[in-house]
Every structure is written in C-alpha cells, then in structure tokens.
Amino acid sequence: MGFDSDYLPPWGFLPHPPVDLNCSSYIKRHWDLAAVETPDQQRLQLIYQFLELDEILRDWVPLDQFASISRTPTVEEINIILRAWRSDGLRRRAWRILHSDKGAPFFLRTYYNPLDDSDARVKQWVNASEEFADQAWWALLDDRNSFNFGSDWRRIYEILPEVAGPVEIDDYKRYASPDLVNTAREQFKAYLAKEMKDNPDQWKANRDHFIEVVAADLLRTVAAMYMLIADQEAFDTGLLRLVYLDGTIGDRYRVTGDLGKDIYCLTEADLVDP
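Residues numbered from 1 in each chain as written. Predicted model: local features only at pLDDT ≥ 70, side-chain atom pairs only at ≥ 80, totals over all residues. Heavy atoms only, no water.

Helix and strand counts for the chain come out as 14 helices and 5 strands. Put simply, the chain has 274 residues, and 45% of those count as buried. Considering only contacts in the chain between residues 6 or more positions apart, those separated by 24 or more positions represent 73%. Accessible surface, the chain as shown: approximately 14100 Å² in total, 47% of it carbon and sulfur. (Helix = DSSP H or I, 4+ residues; strand = E, 2+ residues; numbered from the N terminus. Buried < 20%, exposed > 50% of the residue type's maximum accessible area, 1.4 Å probe, protein only. Contact = heavy atoms within 4.5 Å. Areas by Shrake-Rupley, 256 points an atom, 1.4 Å probe, with all protein chains shown as cover.)

Listed below in structure tokens is the structure:
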C-alpha cells in the first residue's frame, strides 16, 4: 500500500470525483469536452453528482498502488479535467485519505490571519499528539491557497471528496452495514451504562456531552471519516470543532438531533440516573 509521503498515485487511480476514474464509460458519459460550462463548473457538477451515490463501483477504487486499471485517462483528459483541479500534494493526500483506517482524524484549517499567532497555534495543536504529528504529512490540511474557507468547511468536498467515503475501502458502500451498526450500538449502550455508574457526577452535569464522548467508537463506525476543524471560532476559543462525516452528511451527531436519535436509539430506561 502506497502510504509513504513520496508516493504519487498515477492518473486514473483516484476514484473521486467521476472525472478521475479508471472507468472510461463514466468519463465519456458525463464529461463533455464541448460543454458550454467551463471545466471548473463541469467538474464541480460531477463532484456533487458523485457525492449523491450510495455505492461506489469497485472498478473505481484500486486497492493498492500495484493494481491495474482498465483505462488510463488520455493526455487531453488529464490536462483539462484533472491537472487543473489538484496539485500533486493534494493528490498524495487524497490517496492516503481514501485508504485511511479512521484511526486518526484529519485536521482542516479554514482560518488564516497573518497578523496573529494562528500559525503557532496550529503547530501546538498538531504536536499535542505524537501519534497525529506522525500523520500530519497527509492528515493536516493547512494551506491558505486551498482551504481558506472561513466558516464554510463543507467546501472540502470540492477539493477532497475522498473524505465522503466509502466507509470501508473493501466494501465500497457510503454507509456502514446495519448489522455492523447494531453491534456497535449494543457495545455503546453497555459501555454507557458502565460509565454512568462510574462517573455519576459527570453524567448529571451534562448528559448530552457525556453520551457523545462515550459514543466515539459508535460514531467512528457509522462515519466515513472524522475531522477536527480550526476555524475562526476555534482560534478565538481554543476549542477545535469535531465533525463526523457520514457519506454525504456533513455534521456532528447531536444526541438531541433527529440523526443522533437514529444512531444512538436510547430509551428512557437507558437514561435513568445510576
């Protein structure tokens, strides 16, 4: 598996969006070299069409750097569709994100102010974890020219749609299987009951926060990726934002939200004070 920082995947190896596939039929069907739209506009349309897919075709995802692909993009396709979209550095990160085991988050910086100490703050956050620091070459997305999104962090999908999954690289699905989610949910509930008993004061102080912390493993099961965001609010408060990415759903699973209720499935009996 090509996980070293020098490995650059060949053209056609990255599956996202549909313009960077080894699937010639998809390129021919969706990319129109004579379209009225500019290449940037057409590429963006294809990215969001791709993000709507529930399943990624197996032919689109080479399992490793030694896999063969059925069709290499032509020079014209590379120059018009692909090369203008992402730098080699972004393509290296895309390959690593695609094959990530979700063992660590990736870190997206969306706020840049040359007049403050924000650069130093990012270094402190990154170096706070030795494990993350070792992965920073791909997991740290810190580039004013690429990621200066402000509060609109969802624009990351337009540059690195690989963050939207698949949930498991060998499954090709946007979402975890129901059986896997049910197993993870049962483990979460058992762990929650134990933690409530061991830490009753913390439970009573803020139940929703307590549940979300305990549910970390469950959330990683259902999410394609999880991400720390350093936006302006993070620099102002010193608190990074945590977002779980589930396929095309880009928001945190709040206990009080409809999505959170579907994931946690907590009953009144589960929430009785210890």
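Now that the structure is up, let's keep going.
Below, the discussion takes up helix H9 (residues 178–198). Along an α-helix, a turn takes 3.6 residues, which lines up residues three or four apart on a common side. Along its 21 residues, H9 runs 30 Å from first to last C-alpha, staying within 8% of the 30 Å computed at 1.5 Å per residue. Every buried residue belonging to H9 is among Val181, Ala184, Arg185, Phe188, Leu192, Glu195 and Met196, and all of these are buried. Buried residues of H9, seen end-on, are gathered within an arc of 105 degrees and therefore sit on one face of the element. Across H9 from its buried face, at more than 90 degrees, point the exposed residues Asp179, Glu186, Gln187, Ala190 and Lys197. (Expected span 1.5 Å × (residues − 1). Arc of directions from axis to C-beta.)

Attention now moves to the pattern of salt bridges. Under the criterion given, the structure shown has 8 salt bridges. The partner of Asp119 in a salt bridge is Arg109, and the shortest N-O contact between them spans 2.7 Å. Here Arg109 lies in strand E1 (residues 106–109) and Asp119 lies in helix H5 (residues 118–127), a separation of 10 residues in the sequence. Judged by its relative accessible area of 48%, Asp119 is partly exposed. (Salt bridge = Lys/Arg side-chain N within 4 Å of Asp/Glu carboxyl O.)

Moving on to helix H3 (residues 75–82). All of the buried residues in H3 are Glu77, Ile78, Ile81 and Leu82. Down the axis of H3, the buried set is contained in an arc of 100 degrees. They therefore lie on one face.

With their axes 9 Å apart at the nearest point, helix H4 (residues 88–98) and helix H6 (residues 130–139) run at an angle of 120 degrees to one another. Considering the angle they form, H4 stands oblique to H6. Note on element contacts: H6 touches H4 through Gln135, Ala136, Trp137 and Trp138, opposite Arg93, Arg96 and Ile97. When the residues that make up the contact of H4 with H6 are grouped by side-chain class, the tally is 4 nonpolar, 1 polar and 2 charged. (Axes fitted to C-alpha atoms, helices over the stretch in contact; angles between N-to-C directions. Parallel < 35°, antiparallel > 145°, perpendicular 65-115°, else oblique. Nonpolar A, V, L, I, M, F, W, Y, C, P; charged D, E, K, R; others polar.)

Taken together, the side chains of Asp116, Asp117, Glu233 and Asp236 make up a negatively charged region of the molecular surface. Within the secondary structure layout, Asp236 lies in helix H13 (residues 232–237). Taking the relative accessible area as the measure of exposure, Asp236 reaches 58% and is therefore exposed. (Patch = residues over 30% accessible without salt bridge, like charges linked within 9 Å, V, L, I, M, F, W, Y side chains within 5 Å. Lys, Arg positive; Asp, Glu negative; His and termini not counted. Charge placed at Lys NZ, Arg CZ, Asp CG, Glu CD.)

Attention now moves to unusual backbone geometry. In terms of backbone geometry, most residues other than glycine have negative phi values and most peptide bonds are trans. With a phi angle near 50 degrees, Cys265 is a residue other than glycine that sits in the positive phi range. Among the structural elements, Cys265 can be located in the segment after helix H14 (258–264).

Attention now goes to the packing of aromatic side chains. Evaluation of the coordinates by the stated rule reveals 7 aromatic pairs. With a centroid separation of 6.2 Å and 40 degrees between ring planes, the pair formed by Phe107 and Trp125 is classed as tilted. You can see Phe107 sitting in strand E1 and its partner Trp125 sitting in helix H5, a full 18 residues away along the chain. A relative accessible area of 19% places Trp125 in the buried class. A ring pair is formed by Tyr111 and Phe235, whose centres lie 5.4 Å apart and whose planes are at 45 degrees; its orientation type is tilted. Taken together, the positions of Tyr111 in the loop between E1 and H5 and Phe235 in helix H13 put the pair 124 residues apart, joining distant regions of the chain. Here Tyr111 matches Phe235 in class, with each residue buried. Among the aromatic side chains, those forming a connected cluster through ring pairs are Phe107, Tyr111, Trp125, Phe132 and Phe235. Looking at Arg86, its charged tip hangs above the ring of Trp85, at a distance of 3.9 Å from the centre. (Phe/Tyr/Trp six-rings, centres within 6.5 Å; stacked < 30°, edge-to-face > 60°. Lys NZ or Arg CZ within 6 Å of the ring centre and 35° of its normal.)

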